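Spelled out, the chains give:
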Amino acid sequence: MPVFPSGTNTYQPSTEASNSLTVDFSRNPKKFALPNYVSYAKVEKNVGLYIVATVEEAGRILNSDLSDFVWYDGNDAPQHNDGNEAFDMPAFATKRFAYGFNLGDLTIEQAAWDILAQHGRIKAQQAMTARTQKAATLLNTSGNFGTHTATATALGGGKWDVSTSALQYIQKSLHAAAEVVLKDSLGAVSPADLILAINPTCARLMRSSQELVGHILSSPHALAQVRGELPGRNVIYGLPDKLYGYNVIVEDAVKVTSRKGATKATSFVWSDTVAVLMARPGELEAPSGGPNFSTCTVFLKEEMTVETERDNWHRKTRGRVVDDFDVVLTAPVSGYCITAVVL
């Protein structure tokens with residue numbers, strides 16, 4: 001049946017801008033560091049609840065002789081009316097973001113390259129940078145970690161960039177933080193599960209410390225380090241992928257903070273002076289319904305949808321990348337925020 005044109009029947013969706021764009025872009029650790037230290041959780045609704053159970057009861061032993069649990073023959077079994085574990089049900093609320101562009105027909109037609117696909121990739125990178133910014137803001141705020149935060153000086157004796165092989169400020173800080181996580185998670189999160197996240201400035205200052213100079217030169221990778229051939233993703237920063245047993249992730253996402261036409265200003269999304277030791281055990285995508293000790297989780301209602309719309313009347317194409325997500329510290333007990341680590 002013929003219909004009159006309206007906003008509901010003339011939209012012609014296109015995949016032109018998505019030539020090189022898939023959801024994999026947001027999950028590829030070679031493109032962004034974020035997937036290395038957070039978990040992703042797909043959700044069906046924008047608002048929901050997740051369960052956080054305390055872990056005290058699983059390790060509660062009040063008497064070393066186990067007298068609270070003894071069941072003598074002929075007596076009623078212990079009732080343990082106070083043996084239940086407490087839980088909380090915090091909420092998450094995803095928010096939808098659109099990163100768009102407009103290109104005229106003549107621009108698209110006469111460009112010497114696929115300018116439409118290029119802008120799709122640009123907006124995908126902008127979306128991932130924004131997602132990383134939200135995670136970094138959450139993780140770099142020490143107040144979000146409760147008692148699981150301290151300065152490097154309070155934790156390990158001093159700032160990391162001035163440490164020496166004798167002082168071992170870096171090693172002491174990391175081991176002290178990991179010990180707190182191990183105790184408070186009742187051993188559910190071991191040091192092997194922990195990831196150290198820092199930014200490139202912090203990595204450079206750490207690498208220049210006499211503690212790490214001595215640590216690396218005494219390792220079998222010393223010659224490769226001098227040659228700039230140290231294997232792994234952190235070679236450009238002069239850091240090993242593992243330091244004192246902890247995986248090291250350098251969050252190198254950069255944001256532009258100046259408006260168009262103004263003097264260009266850039267900065268790292270992650271703070272120079274904050275290091276976070278956090279857990280992201282298992283695969284990138286969090287298991288549905290099972291226990292998850294990932295410190296930080298990205299709840300995804302819609303993930304990196306690429307859309308273009310051809311406007312015949314105005315002879316242009318509108319494009320956008322849509323991301324609908326929330327970032328939550330789902331298990332702060334499995335992380336530790338170390339502040340004032342350098343400078």
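Preceding this section is the structure that the text describes.
Numbers given to residues run from 1 along each chain, matching the order in which its sequence is written. Given that this is a predicted model, residues contribute local features only at a pLDDT of at least 70 and side-chain atom pairs are listed and counted only at 80 or more, while totals for whole chains, interfaces and linings are drawn from all residues. Remark: hydrogens and water are excluded; side-chain values derive from all non-hydrogen atoms of the structure.

Draft legend 1. Structural detail: the environment of Val-327. In this text, helices come from DSSP runs of H or I with a minimum length of four residues, and strands from runs of E with a minimum of two, each type numbered from the N-terminal end. With respect to the helices and strands, Val-327 occurs in strand 16 (residues 316–328). Here's how the labels work: a residue is buried when its accessible area is under 20% of the maximum for its type, exposed when over 50%, partly exposed in between, all with a 1.4 Å probe on protein chains only. When its relative accessible area of 7% is taken as the criterion, Val-327 is described as buried. In the structure, Val-327 is positioned 287 residues away from Tyr-40 in sequence and 9.3 Å away in space, judged by C-alpha atoms.

Draft legend 2. Molecular detail of helix 5 (residues 169–184). When the terminal C-alpha atoms of helix 5 are compared, their 23 Å separation across 16 residues agrees well with the 22 Å that a helix rising 1.5 Å per residue should span. Among the residues trailing helix 5, Leu-186 stands out with phi positive, at a value near 55°. Residue count minus one, scaled by 1.5 Å, sets the expected span of a helix.

Draft legend 3. Inspection of the packing of aromatic side chains at higher detail. Pairs were defined over the aromatic rings of Phe, Tyr and Trp, the Trp ring being its six-membered one, requiring ring centres within 6.5 Å. Orientation was assigned from the angle between planes: stacked under 30 degrees, edge-to-face over 60, tilted for the rest. A full pass over the atoms with the stated rule returns four aromatic pairs. Taking 5.7 Å as the distance between ring centres and 80° as the angle between the ring planes, the aromatic pair formed by Tyr-37 and Trp-270 counts as edge-to-face. In this pair, Tyr-37 is assigned in the loop between helix 1 (24–27) and strand 2 (39–42) and Trp-270 in the loop between strand 13 (266–268) and strand 14 (275–279), connecting sequence segments 233 residues apart. Note on accessibility: Tyr-37 and Trp-270 belong to one class, buried.

Draft legend 4. Examining the side chain of Asp-326 more closely. If you trace the backbone, Asp-326 turns up in strand 16. One polar contact links the side chain of Asp-326 to the main-chain amide nitrogen of Ala-93, over a distance of 3.0 Å. As used in this structure description, the phrase polar contact means that two N or O atoms lie within 3.5 Å; if the pair is within protein, one of them must be able to donate a hydrogen and the other to accept it, and residues adjacent in sequence are counted only when both atoms belong to side chains.

Draft legend 5. Region of the structure containing helix 6 (residues 200–208). Burial runs high along helix 6: seven of the nine residues are buried. Two to three positions downstream of the cap, the backbone nitrogen of Thr-201 sits 3.0 Å from a side-chain oxygen, assigning the N-cap of helix 6 to Asn-199.

Draft legend 6. Geometry of a nonpolar patch on the surface. Only residues whose relative accessible area exceeds 30% and that form no salt bridge are eligible for patches; like-charged ones are grouped when within 9 Å, while nonpolar side chains (Val, Leu, Ile, Met, Phe, Trp, Tyr) are grouped when within 5 Å. Note on areas: Shrake-Rupley, 1.4 Å probe, and residue coverage restricted to the protein chains presented here. Salt bridges are defined as contacts in which a side-chain nitrogen from Lys or Arg sits within 4 Å of a carboxyl oxygen from Asp or Glu. On the surface, a cluster of nonpolar side chains totalling about 450 Å² of accessible area is made up of Leu-49, Ile-51, Phe-87 and Met-89. The exposure class of Leu-49 is exposed, given its relative accessible area of 53%.

None of this, on its own, says anything about what the molecule does.
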